[in-house]
Protein chains: 2
Amino acid sequence: MKITILIYEKYTALDVVGPYEALSNISGAEIYFAGVQKGLYGDNKNFKLDVPYSIDDITESDVLLIPGGFGIDAILNDKKIINWIKKIDTTTKFTTSVCSGALLLASTGLLEGRNVTTHWNRKEQLRKYNVNVVDERYVKDGKYITSAGVSAGIDMALYLISLIQNENTAKFIQLGMEYDPQPPFDCGSPNKLPKELLEKMKPKK
Amino acid sequence: MKITILIYEKYTALDVVGPYEALSNISGAEIYFAGVQKGLYGDNKNFKLDVPYSIDDITESDVLLIPGGFGIDAILNDKKIINWIKKIDTTTKFTTSVCSGALLLASTGLLEGRNVTTHWNRKEQLRKYNVNVVDERYVKDGKYITSAGVSAGIDMALYLISLIQNENTAKFIQLGMEYDPQPPFDCGSPNKLPKELLEKMKPKK
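Residues numbered from 1 in each chain as written. Chains lettered and ligands numbered in written order. Predicted model: local features only at pLDDT ≥ 70, side-chain atom pairs only at ≥ 80, totals over all residues. Heavy atoms only, no water.

## Here we look at the overall build of chain A
- Each helix and strand counted, chain A has seven helices and 11 strands in total.
- C-alpha atoms of chain A, sized along the principal axes, occupy 50 × 40 × 35 Å.
- Across chain A, contacts joining residues at least 24 apart in sequence account for 65% of those joining residues at least 6 apart.
- Of the side-chain charges in chain A, 25 are positive and 25 negative, and the distance between the mean point of each set is 5 Å. (Helix = DSSP H or I, 4+ residues; strand = E, 2+ residues; numbered from the N terminus. Contact = heavy atoms within 4.5 Å. Lys, Arg positive; Asp, Glu negative; His and termini not counted. Charge placed at Lys NZ, Arg CZ, Asp CG, Glu CD.)

Following this line, the structure appears as structure tokens:
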């Protein structure tokens, strides 16, 4: 089971590591972090991940995952990356995105006419790609699974494991990660935050 | 606001990145990843993080965070690390752990007599350190905050932000991360998994 995670400058660390932590616990899973070039890639803060593969090294993958991040806008029209995604997609069982990663996936045209989702603050931008943006934590349309913002990648990855393997494997992995979330506040979605707070909030993503 | 995250070989990636993603969104936060030596540190799978500081570089910190991981057992009696934790602890506002990181923190003696928690599969081991192990997602006792397994670090970090700054800041950051979890299965805690499945599960952590 070959799983490739595309990395670019200014990804969001949790978009990568939430799904990574779940997917890498699949028995026999091989995770490939791949960037346009190999080397160290930073998020937009203090985090630097070693990326051992160039996208040229990856010619097929069972799963492709595109994380989100502030850096996504800089590569939405990058022909090399877009052509690579399209090529890998011809080999995948599942092609997936977290958060604003859906924008890059949509920019390839592969999501046209499909049900998709993204970070709440990116939905307007995603609608421009001739897709049907839904308000779900994650949504599967054919072999394409897109998820909402940042932390939603964890939920999506566990669902994906239930498809790749089975529900019991997903449950074991969820228990291993002790993923029994108890957020201290009930405000992780814009419709849950008091309006006066939401108005003060500057876009984070 | 200086926040130091101790890194060692075979940490668990999400133990590090869940809290990192939340804490690094505090305005003015400076995150320091520190290991016994600087360099690349791997989790127990395919992940390699660049650690730009040696623990010798860090002499004080407002927050210290100790993540868990399979590698924790190898350093529970490491005098250099234990002495460093005790020294930094004299300067912190909060000293915290995620998952099995509580074992290392307990091994310093700083948690003696305190209410603490850890990964569900590490509780028996933690009880040997003369602490009171509780069944909570995270628990604060004085300036010490310990959390349950892996993903619990996200919940703990948001709570910590509400203490360091205020509840509104924590809520903004939670919304930015779209942390409105919807796990596909309700099985993230051992009392939620059917017994026949739990018995089949080999320890993951």
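## Structural notes on unusual backbone geometry
- Phi at Cys-99 of chain A takes a positive value of approximately 60 degrees, unusual for a residue other than glycine.
- Summarising the element assignment, Cys-99 of chain A is placed in the loop between strand S7 (94-97) and helix H3 (101-107).
- Accessibility expressed as a relative area gives 0% for Cys-99 of chain A, which makes it buried.
- Even without a glycine there, the phi angle at Asn-130 of chain B is positive, about 60 degrees. (Buried < 20%, exposed > 50% of the residue type's maximum accessible area, 1.4 Å probe, protein only.)

## Remarks on the sheet that holds strand S10 (residues 138-141) of chain B
All names here are of chain B.
- Taken together, seven strands build an open sheet; the order of strands is S5-S2-S1-S6-S7-S11-S10 and the sheet is mixed. The sheet terminates laterally at strand S5 (53-54) and S10, the two strands that pair on one side only.
- Sheet strands in contact with helix H1 (residues 13-23) are strand S1 (2-6), strand S2 (30-35) and strand S6 (63-66), and its direction is about 160 degrees off that of S2. (Pairing = 2+ DSSP bridges. Axes fitted to C-alpha atoms, helices over the stretch in contact; angles between N-to-C directions.)

## A short note on the relation of the copies chain B and chain A
- In screw terms, the move from chain B to chain A is a rotation of 180 degrees and a rise of 0.0 Å along the axis, fitting with an RMSD of 0.0 Å. In short, the pair behaves as if placed about a two-fold rotation axis. Nearest to the rotation axis, the C-alpha of Leu-49 of chain B is located 2.4 Å from it, this being the minimum over chain B.
- Here 100% of the interface residues in chain B have copies in chain A that are interface residues too; the copies meet face to matching face. (Least-squares fit on C-alpha atoms with pLDDT ≥ 70 in both.)

## Quick notes on the side chain of Ser-24 of chain A
- With respect to the secondary-structure elements, Ser-24 of chain A resides in the loop between helix H1 (13-23) and strand S2 (30-35).
- A relative accessible area of 9% places Ser-24 of chain A in the buried class.
- At 2.7 Å, the side chain of Ser-24 of chain A and the backbone oxygen of Tyr-20 of chain A are in polar contact.
- The contact partners of Ser-24 of chain A, leaving out residues within four places of it in the chain, are Ile-31 of chain A together with Lys-45 of chain B. (Polar contact = N/O pair within 3.5 Å; in protein donor to acceptor, adjacent residues only side chain to side chain.)

## Topic: the pairing of strand S3 (residues 39-42) of chain B
All names here are of chain B.
- Across four bridges, the pairing between S3 and strand S4 (residues 48-51) is antiparallel. Within S4, the residue paired with Tyr-41 across the bridge is Leu-49.
- Linking S3 back to S4 in an antiparallel pair, the connection comprises five residues.

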